Structures are given as C-alpha cells and as structure tokens.
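Take a look at the letters that make up each chain.
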Amino acid sequence: MKRMLLLAIATVVSCFVNAQLLTWSPPFPQENDPSQTLVITVDAAKGNQGLLNYTPATDVYVHIGVITNLSTSPTNWLYVKFNQNFTQPNAQLQAVYAGNNRWQFTITGSLKTYFGVPANETILKIAILFRNGNGSKVQRNTDGGDMYVPVYNSNLAVRIDQPASQPKYVPVPETQTWVVGSSFLITANASKPSAMKLYHNGTVIASASNVQTISGNSSVTVVGNQQIVAEANDGTTTKYDTLNIFVSPSNSPVAALPAGVRDGINYEAGDTSVTLVLRAPNKNKATVIGDFNNWIQNTSYIMNKTPDGKFFWLRVHPLAAGTEYAYQYIVDDSIKIADPYAEKILDPSNDQYISSATYPNLKAYPAGQTGIVSVLRTAEPAYNWTINNFTRPDKRSLVIYELLVRDFVAAHDWKTVTDSLNYLKTLGINAIEIMPFNEFEGNSSWGYNPDFYFAPDKYYGTKSSLKTFIDSCHKKGIAVIMDIVLNHTYGPSPLKLLYYNSATGQPAANNPWYNQAAPHAFGFGDDFNHESADTKYFFGRVLQHWLTNYKIDGYRFDFSKGLTQKSSSNDATFSAYDASRIAIIKGYYDSIKNVSANAYLILEHFCDNTEEKELSDNGMMLWANVWTQYQEASMGYVSTSNLDGATYVARGWTNPHLVTYMESHDEERITFKNIKYGNSLGSYNVKDTATALKRMELNAAFLFTIPGPKMIWQFGELGYDYSRCYLSTNGDGGDCDKKLDPKPIRWDYLSDSRRKSVYNTYSSLIKLRFHPWYKEAFMSGTIDRSLSGATKWIKLSSGDSSHLLVVGNFDVASQTAAVTFQTSGTWYDYLSNQTIAATGSSQNITLAPGEFHVYVNRNVNNVTVTPVSNVPWNGDEMQAKVYPNPAPSNFIVEVNLPQSSNVKLDLYTSQGQYITTFHNGFLVKGTHQLATKRGTILNGVYYLKIATKSATKTIPITFQ
C-alpha cells in the first residue's frame, strides 16, 4: 500500500514537473558525479514563450554555462560551452524535441568535466537559455531573464516544487490566481530519505518518514500571505524551503487621494511617514513590498484605489528617520515595478560594477529580490548650496562645452569633472552641456537609453556630488545644461512594464504613456505618446524636478523632432512643418518657464526651417545642421564647404538662437577626417598632423566669430583625432558598431605644443566674444559674409562702432581675397598683434593655404603701433590723443612716451571737478593704446588730464 501511495505521488510530481518552464532530472544534480545523466527540459508554453510553436523543431540549441563561486554576478556566466557564437548553431549544443512545445538537453557525466571547471572552483548553478539556430528567438523567464538550474553538494537539501517557481537566479513563485476558497497541492522533494513535513501558515498539512517526496493539499481561507514551508530531517540535519504567495482581494479598497499628495513619494513632516502614490489607470489592485515589511506582501500594505480608478496610494508608517528603504510595487498580482518617481534605484545587474570610490556606501541590493527596486529616505540631509542667485549668461552669448562624463575623465565621476573646471574656465566657455545623466540602462553608456527620469545615474557618483558639481560651475559663472531624452526609453522602464505586451515585446495598446510602435520614421526604443495627458504630466514633473532640486540651467532635448504623433514613413514627411509638434514642445517649454523663467531649452530638431524659426521666435535655441560643411571646409574641399547655414540670418531668423558647432557627440571628429581624408596640393597636405591641427584653428575663426550661441565637443579644442568609430571594422562612415564604446581620454594632448596652439586659438576667440567692446556685436550685431568660396570672410559690426573682419583661405593653394573693411584707418590682427592699413574700399589680401586673420578696429590687445597724427612726432615730447571723440561707451587713449614713465589719466568736468582715474601705472618708452571704459559717466563735455613724470596734457572729450 505504501509503495502504491509513493507511486501515485511520483505520478503527480511528474505531471507537475512537465508543466513548469524549466525542469530537470535528477532533481538534485551534483557537480562531480561521473555516473550522472542530467536531462534539462524547457516548456515553451511557459515563460516569455520565445519558442512557442517554433518550427523546425530540430533548429533549437542551448546557450549554456555555469555560475561558480568566482562569478561576480548572476549574469557573469563562466565556462560557456565552446565559447558559443549566439548567432550560429552548434551541433554539440542541439536540443531534442520532446513534443508539445518542449525541448530537452542532456549532459552525461561530471558537470565539472563537461564544463571544464577547475577542482578548486565550485559550481553553484547551470545558466541556460534555449534558442533557435540564428539566435533570433530565445526562450527565457517571463521577465526576459536568464534561466538557472541549481547544483547541489552531498549535504541534505529540500525544495518545494509545487506550487511552481520561476527558474530565476533566486527562484520566485509563479503567479497564482488563488482566491479565498482555492485549493492547491503542495509537493516537496528532498535529496536524501528524510522525515518530511509540509506547513501552510504554520499548520502541518502532511508528514511522512523515510521519504524523498511528500505532497499535501490545502486551501486558502483568508486573504493575505500564504506561507508554505517544507521541512526535511535526515536524522542529523534539518533543512527548510519556504514560499510566500500573497492572495489579495479582488480589488484594492477604494479611498480618495489625500489632499496635497501627488505621483511618487510624498514625505510627511516628522520624517517617519511617507505617502506613496502610483498612477496606474484601470488596474485592479496594488501592494507595496520593501524593507519595511521584509519584502513579504501582507494585507497592511494593500494600496488604496481612488474612486476614479486612476491612482493607488498608501501611507507607510512608521519609518526610521534618515534610513534608506528599498521598495517595489506589485500590481494585479503579476507586475512588479520600481517607483518611476524615485530619485534613487538599485539595479541588481549593474550596481555591483560601481566602485565605492565613485559611490561610497551604496545600499546593498535586497537579497532574494528580482528586478530594479526604488529607494526612499526620510530626513535626507539637505545640500547646502553656496550659490543661490546664479545669473545665467545671455543665451545669445553661450559658448557651450558638450561632454560625456565617462569619456571626459577616467574616474567617470562628478568629483573629477569638478576638479577639471579650471581647465574649462580658462578655455573661456560659460556653459556645460552634459550628455544624459539620469538613470539609464547599464553603466557604460551615452545615456540615450533612459529608464528612470528622476534619479541621477549612480555610475557618475552620488546626488550630493552632482549638486557640488553644479554649485561649483555656478561659482565660476558656468551654466549647466542637461541633455535629456523625452522621445523614448529602453530597458525596464516602470511606465512600460505596467502595461506591456510580452508576446509582441511592445508596450500594450492601453499604455497611458507609450505608443505600441513609433508613428514616425526613425523611431528608437519604446516610443512615448506626447499627445497623452499622462505623458505630458510626467515629463512636466521631470523637467521641473531637475531645475528646482538640482538648480540646472536648462535642457537640450535629444531628437526633439520625434515629439509628435503625426504619422510619417520617410524623413521628408517627418521633417515637414508640424503644428502639433510645435504645440507639444511649447507645452514642455511652459513647464520649464513656470519654475525657472529664463532657463534654456535647446532642441536637436533638424526640421523645416519655418518650424525651427517659430520655435526660435518663442525663445528656444536649435542645433545647426552644418557639421558636414565644416568638415569639408577643414579638409580643403571647397565646393562642399558653404558655411552660410551656420548664420541665423541666412535662415531668415529674427533672433540669433542657432547653436552652431563643428563637432558633436554624434559626428565624426574633424581632425581625424583631416588626417585621413584631407586634400593636398604640392607640399601642402592637410593629412599632415601639424597642418590638420592648423586647419582646426582656421575653422574656429569661422565658428566663434558668427553671432549667436556656439558649442564645442569635448577635446575638440585639442584636435582630438580618434574616430567616433574607434576600433570599429566599419571605418568612420555612417553608423558604426563601436560608436557608443568608451574612447581614449587624452589629457596628455595639453603637452603637445601643436595641440595647445589649437586650445589657445579657441580660447582667444572665445574671449573676444566677451570683450566689452565686442560682446554686443556677437549677440546682436549686423553681419555681412561670403562663406561659399575658397576664400571666406565675415564682417561683424555693433551699434557702438566696434567692427570685426575675419578672412581665411580654405583652399590647398594660395588665394587672393578681395575685402572691404568697414572703416578706413588702422586695424589690428587680433591673434598676431600685427596691424593693417584699411582703405575703406576694396583691397586685396594674399593668403597662403589655411591662412586666416581676425581683424578688429579697436586695439583690444593694446598693441604698440606708429601713431596716426597730422603732426609728426619728434620723439622728444609726450603726445596724446583720444579716439573716437565724441566717445561712445568705450574709447582709446593713445599715448606716445619719449621715455619710460608712470602715466596717469584723470577725468574732470568742464568746471574742473575730479570724476575718476582711468589709468595709473608705469609704461615703457613708446606708443601705447589704453583701452578705456566710460562706465556710468553721463553725457557731456569733460577734460582728460594725461600726466607723466615730465609733462602734462589736457584733452577735451565729449561723451554722447
């Protein structure tokens, strides 16, 4: 009779085993049993159903390795068989079809021998996937994770096999549909004959002696956690296995949302309570699990549902002030997500690779859990901002430095970038645009694969170190612009997982935030529906979060042309004028301005000029699509080098809101292009590194002297010459498989005099943009230009008679340029400190290949020149003059000294009352132009007294 009972139990177990996603025989495989035959079976009707109904049935293989005591993470597979190429079949890894959507793979003999694991290393688990021959279809867990078979030693072990568990690294129960009254079978197995017991909520429901399998029946009598325990005792050792399965009510209790709370974490006064709010329209129920309830669902943590069916909420109390608590939501008993509004998340796949130097004292991921978890903390120490009233630079005068933290400093952390700010300040920039730094999928990334929008990515450091970086930038007068992706997400975004179609691998049709598929051309990842009110609310909160909590100064929207629901199948239609897209972007801009009126918004748009002009007229800045022309110009290919598109006036814009740049994160490095593809003629060869770098200086002269905001890609100021496709077999054309990979960080370029010359030229040109005599010209001055030929020129003028003329030869042969200076007289070569006599009419300038000049009509560098005077200077007496006179806001006092002397310039009213001293200092013998600023002095007639040790002169001067 006993034998018949055990046979019946075994039959039940066999039927159950065949219904699981992954099963194996023997049930407790050991790593070093030479007589063992291990058969692993997958059921494609379970899990993600990646191989469901797949044919031909013979085209299924395994991808298999092991997790050992030396593995660094559950994803760190070791001793993968045959170093398998995932896109190619291997006959030795072929699975056998067992019928009814099941495939089997068999390993004969010792696992250590099969996998080649050294004797001193212990196998903990077999990691396995079943996939078709080319790897396009893969059978996994429901959540897309890897599958595992536990490996045991000779000690006693016990395992609950019914209810079934998902074969994750840490097994979790499969989703059950139990309600009050549901009956269920419990089956457990032991590795040795034992005295076995089964418990349900502490009550023994079955017991047997000297068995290895036991089963028992029970039923759900009350809503709440159903704790199932299997016990095995072999006479010397007792082992337990526990499952917790929560039976929730059919719906959450209904209660109105408390006043004053909103989506996400709502901290209460007293620092011991929070109210959690989850937006999940049309879902039935939700619970919260976390550190505060030992990650076990119970009735005290069932969330309330609002009467409109849109929100769930729960007050969590008590909490220890200042303590970090990890938590997740479980929605409709099957969907487990982190809080989309959390400012910190823990990632079991990636956090382990973040060093303690980068992120000290990072909270450990909770043992036994799966998926990303969110973190809350009451009484979090506030950051003490030192700059609370930062004055943002005028958007028209921005010189932006675009950088990727990972590829800018080897430590890839905010602290090291902060330590590098003096380098950037000396360069002259006044804004830093940082590629996305909210949490993104993985660690090493460009950041355009976001998944959590409110949390700084921990790979760059703590939120406090990020705030220190921003605060330090503001101390140095540098604005911080956050690159952000509103178009799409990748990976485990909780907004996607809440409404997800695992069969199609897309957001579900009823997802409040996402499209099932992008409606327009060139979509990326999971595409947001920006016509949705839920999406607009979410991103309004995101945009206001970083402005208010981190004091950033604005945003650059990645792929802003994708913020539309208008259908398009090609780029021409996609880029055409779209009033709905304009309305969406304006709405987000309003969200920004509601909390920070003068914050910046920069768009990577590349759409119809009419649309871009409208956005520009509304105060937004837009990227200029002219990098190809700058590359062609630098390489010396004249016919394709028209730079006119870099000027806002050529586009018919009213405002200089065009962000012009030669290089960005997306584009090939110009110095690399010069060296690899540069033009040549005779001895002049752009491919020569020294020449290639000089061409960067030529380009810079025709970038920084154009009015409006400018941008530099990191290390462009040093002539960075690694391809964006570094180490790629695809070369540098188009998209490449190494584009996103880390690039060499070459701070040593600073010690190369040729590269330092590029840096110095960039710095000098940037400083000219902020010189008080020329700042107005670079923001709102009038521009005339000829930018299409071999010789190009730009003429820039401001209202106070400050003029600039830049001329350059982009050919590889000498050329003569015909230019007309705005005024006659002495002009100054800004970069070489030479002078030129301007006639005011057309005059020729001969230029060697690559030669350029930046001429200014005001002596900003105080260059010593021969005085312009109708009375010859005999060299024996001091002479002085003022020009222009009448004088605008700034003017020059020119002094000719027969001998070195202290020189003092004092200003008096026409009645002899002293006003101010413009200069008081020692000057050597010769001619000096002293740049002088009027400041707040009123209009009228004054006298300027110039005194040296041997002479005094008084000159009338009129301010108007």
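A.B. asks: What should I look at first to understand the confidence of the model for the protein in this one?
C.D. replies: Residues shown with low pLDDT carry predicted positions that ought not to be read at fine detail. Summary statistics for the protein give a mean pLDDT of 93 and a share of 96% for residues scoring 70 or more. Per-residue pLDDT stays below 50 along residues 1-18; that stretch engages in 16 contacts with residues further than four places along the chain or on separate chains. Counting contacts from residues 866-874, a segment whose pLDDT is below 50, to residues more than four positions away or on other chains yields 13 contacts.

A.B. asks: Please clarify how the environment of valine 806 should be interpreted in this entry.
C.D. replies: In this fold, valine 806 is placed in strand E41 (residues 803-809). Residue class for valine 806 comes out buried when judged on its relative accessible area of 0%. Between the alpha carbons of valine 806 and isoleucine 160 there is a distance of 80 Å; along the sequence they are 646 residues apart. If sequence neighbours within four positions are ignored, valine 806 has contacts with Ala701, Phe702, Thr705, Lys792, Trp793, Ile794, His853 and Val854.

A.B. asks: What am I meant to see in the nonpolar core here?
C.D. replies: Grouped burial of nonpolar side chains is what soluble globular proteins tend to show. Leu276, Tyr401, Ile429, Ile432, Phe469, Tyr555 and Phe557 are the most contacted members of the largest nonpolar core, which has 141 residues in total. Dropping the residues within four chain positions of it, tyrosine 555 is found in contact with Ile481, Met482, Ile484, Val542, Leu543, Gln544, Trp546, Leu547, Ile592, Tyr600, Leu601 and Ile602. Core analysis: the next-biggest nonpolar cluster, separate from the first, contains 29 residues, Val60, Phe115, Ile126 and Phe130 among them.

A.B. asks: Got a minute to help me understand the sheet that holds strand E47 (residues 879-883) in this structure?
C.D. replies: Sheets are built from strands paired through backbone hydrogen bonds, the pairs being either parallel or antiparallel. Sheet architecture is open: 3 strands sit in the order E47-E48-E51, paired in antiparallel fashion. Here the strands that pair on one side only, and so sit at the sheet edges, are E47 and strand E51 (926-933). Neighbour-to-neighbour, the strand axes of this sheet turn through a mean angle of 15°, independent of strand direction. Strand direction decides the pairing type here: strand E48 (residues 890-897) and E51, joined by 8 bridges, are antiparallel. Paired with valine 893 across the strands is leucine 930, a residue of E51.

A.B. asks: So what exactly am I meant to see when it comes to the sheet that holds strand E34 (residues 621-623) here?
C.D. replies: With parallel pairing, 8 strands are arranged side by side around a closed barrel as E25-E26-E27-E32-E33-E34-E35-E38. Between one strand axis and the next, the sheet turns by 25° as a mean value, whatever way the strands run. Bridging between strand E32 (residues 554-557) and strand E33 (residues 600-603) involves 4 bridges; their strand directions are parallel. Among the inter-strand pairings, arginine 556 is bridged to a residue of E33, identified as isoleucine 602. Sheet contacts for helix H10 (residues 579-595): E32 and E33; angle to E33, the most-contacted strand, approximately 155°.

A.B. asks: Please clarify how the packing of aromatic side chains should be interpreted in this entry.
C.D. replies: Any pair of aromatic rings gets described here by the distance separating the centres and the angle formed by the planes. By the definition in use, this model includes 52 aromatic pairs. Seen from their ring centres, tryptophan 414 and phenylalanine 437 are 5.3 Å apart, and the 85° between their planes marks the pair as edge-to-face. Taken together, the residues span a long stretch of sequence, with tryptophan 414 in helix H4 (residues 414-419) and phenylalanine 437 in the loop between strand E26 (431-434) and helix H6 (463-475) at a distance of 23 residues. Residues tryptophan 414 and phenylalanine 437 agree in their burial class; the two are buried. On the numbers, 4.8 Å between centres and 75° between planes, the contact of tyrosine 423 with tryptophan 747 is edge-to-face. You can see tyrosine 423 sitting in helix H5 (residues 421-427) and its partner tryptophan 747 sitting in the loop between strand E38 (710-713) and helix H15 (753-770), a full 324 residues away along the chain. On the basis of relative accessible area, tyrosine 423 is assigned to the buried category, the value being 11%.

A.B. asks: Before we go on, may I ask you to explain unusual backbone geometry in this structure?
C.D. replies: Note: most peptide bonds trans; most residues except glycine with negative phi. Looking along the chain, the bond that leaves histidine 317 and enters proline 318 is cis, with omega of -5°. Locating proline 318 in the fold gives a position in the loop between strand E20 (311-316) and strand E21 (324-331). Note that the residue after tyrosine 883, namely proline 884, is joined by a cis bond; omega there is -10°. With respect to the helices and strands, proline 884 occurs in the loop between E47 and E48. Of note in this structure, asparagine 210 is not a glycine but carries a positive phi near 55°. Within the secondary structure, asparagine 210 sits in strand E13 (residues 203-219). You will see that tryptophan 295, though not glycine, has its phi angle at about 65°, which is positive. Judged by relative accessible area, tryptophan 295 falls into the buried class, the value being 12%.

Basis of the calculations
- Residues numbered from 1 in each chain as written.
- Predicted model: local features only at pLDDT ≥ 70, side-chain atom pairs only at ≥ 80, totals over all residues.
- Heavy atoms only, no water.
- pLDDT = per-residue confidence, 0-100.
- Contact = heavy atoms within 4.5 Å.
- Helix = DSSP H or I, 4+ residues; strand = E, 2+ residues; numbered from the N terminus.
- Buried < 20%, exposed > 50% of the residue type's maximum accessible area, 1.4 Å probe, protein only.
- Core = buried A, V, L, I, M, F, W, Y, C linked by side-chain atoms within 4.5 Å.
- Pairing = 2+ DSSP bridges.
- Axes fitted to C-alpha atoms, helices over the stretch in contact; angles between N-to-C directions.
- Phe/Tyr/Trp six-rings, centres within 6.5 Å; stacked < 30°, edge-to-face > 60°.

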